[in-house]
Amino acid sequence: MTKISTRSTTDLLTHAGIMLGLVAVLFLGFFFLYLPFTTHHGQTITVPDLSRMNTSELEDFLSDHDLRFEVEDSAYVAGAEPLTVVSQYPKPGFKVKEGRKIYITITTENPPMIPMPKLVDQTYVSAQYALSSNGLQMGKLKYVPDLAQGTVLQQLYEGKEILPGTRIAKGSKIDIVVGDGLGNTMFAVPDVVGKPRDEAEMLIRGSNLQVGTILPVEDPEKEVGTVVRQNPAARPGATIRVGDVIDLWVVGPVENDDTQEE
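Residues numbered from 1 in each chain as written. Predicted model: local features only at pLDDT ≥ 70, side-chain atom pairs only at ≥ 80, totals over all residues. Heavy atoms only, no water.

Going by an unreviewed UniProt entry, the protein carries the name PASTA domain-containing protein and comes from Larkinella humicola.

Attention now moves to the packing of aromatic side chains. Under the definition given, this model contains 0 aromatic pairs. The ring of W249 carries R229 above its face, with NZ or CZ at 4.1 Å from the centroid. (Phe/Tyr/Trp six-rings, centres within 6.5 Å; stacked < 30°, edge-to-face > 60°. Lys NZ or Arg CZ within 6 Å of the ring centre and 35° of its normal.)

Right, let's talk about the side chain of T84 for a bit. Topologically, T84 is positioned in the loop between strand 2 (68-75) and strand 3 (85-89). Among residues more than four places away in sequence, those in contact with T84 are R52, M53, N54, T105, I106 and T107. (Helix = DSSP H or I, 4+ residues; strand = E, 2+ residues; numbered from the N terminus. Contact = heavy atoms within 4.5 Å.)

Time to look at the sheet that holds strand 16 (residues 245-251). Taken in spatial order, the 3 strands make up an open sheet running 13-16-14, and their pairing is mixed. Of all strands in the sheet, those with a lone pairing partner are strand 13 (210-217) and strand 14 (227-231), marking the two edges. Averaged over all adjacent pairs, the angle separating strand axes in this sheet is 25°, with direction ignored. Inspection of the sheet shows strand 13 paired to strand 16 by 6 bridges, in the parallel sense. Note on strand 16: the bridge partner recorded for V211 is I246. Where helix 4 (residues 197-206) meets the sheet, its contacts fall on strand 13, strand 14 and strand 16, and the angle it forms with strand 13 comes to roughly 155°. (Pairing = 2+ DSSP bridges. Axes fitted to C-alpha atoms, helices over the stretch in contact; angles between N-to-C directions.)

Looking now at a negative patch on the surface. Negative charge collects at one region of the surface, where E59, D60, D64, D66 and E98 lie side by side. Judged by relative accessible area, D66 falls into the partly exposed class, the value being 40%. (Patch = residues over 30% accessible without salt bridge, like charges linked within 9 Å, V, L, I, M, F, W, Y side chains within 5 Å. Areas by Shrake-Rupley, 256 points an atom, 1.4 Å probe, with all protein chains shown as cover. Salt bridge = Lys/Arg side-chain N within 4 Å of Asp/Glu carboxyl O. Lys, Arg positive; Asp, Glu negative; His and termini not counted. Charge placed at Lys NZ, Arg CZ, Asp CG, Glu CD. Buried < 20%, exposed > 50% of the residue type's maximum accessible area, 1.4 Å probe, protein only.)

This paragraph deals with unusual backbone geometry. Of note, the amide linkage connecting Y89 to P90 takes the cis form, showing an omega dihedral of 0°. As for its placement among the helices and strands, P90 is situated in the loop between strand 3 and strand 4 (95-96). Look at the link from N231 to P232: it is a cis peptide, with omega at 5°. Residue D121 is not a glycine yet carries a positive backbone phi of 80°. Positive phi is not limited to glycine here, since E158 has a value of about 55°. If you trace the backbone, E158 turns up in the loop between strand 8 (152-157) and strand 9 (160-161).

Bringing the sheet that holds strand 3 into the picture now. Ordered in space as 2-5-3, the 3 strands form an open sheet in which the pairing is mixed. Among the strands making up the open sheet, the edge pair consists of strand 2 and strand 3. Looking at each pair of strands side by side, their axes are set apart by 25° on average, direction ignored. Note that strand 3 and strand 5 (residues 101-107) share 4 bridges and pair antiparallel. Residue pairing for strand 5: S87 is matched across the bridge by T105.

Following this line, the structure appears as structure tokens:
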């Protein structure tokens, strides 16, 4: 029988140990050195804020941060510079790997044309919402004497009335005229004493007021039909509101005709 020497066994174990050591070094080197180096494992970049940045400068800026970008969508934003970033994904502050693509939405150069909504007969609050939801802006607001308090009476674009359905650039400013009701417009009481009745009534109605009760009086020194008194009186500093009533005292008999206000 062949006899194996002690020295041969020791050499065999030594060689086996060396082989196992090499395998362990290669294994550890692959997972902890080579693999992290080639895949950037554990290396992240904080996504920068790209808002309001122009597309012409994006490529160089993101290249310096080891990132890329792709335009995903476009939108019109009133007052914003064209071709600038309005939104992005991932959001600023997120951690991503090098080479990650950032998806952006940019502003368009020309606004789209949209139909003008109907604002007339709506409340002021509803008109504001309608303009905002349709991508339009509130322009000048004007109040006028009208019983329909807080109701839109006119919608104007560049000083002219614009009808619902008319195509208009998104972001345009729309002026509206709103009724202020009875109590918000005060002015001096018109003086109609000494005027003929018909002229006095015309002046009262022309001031957005109402002719009240007509009471007959006797005054031989004045012509029949002359107004000799009114209530409220046109005293210095006296004011009246839109829609209020003025009662008249008129010389002579008073006929109940259709010109009187009930």
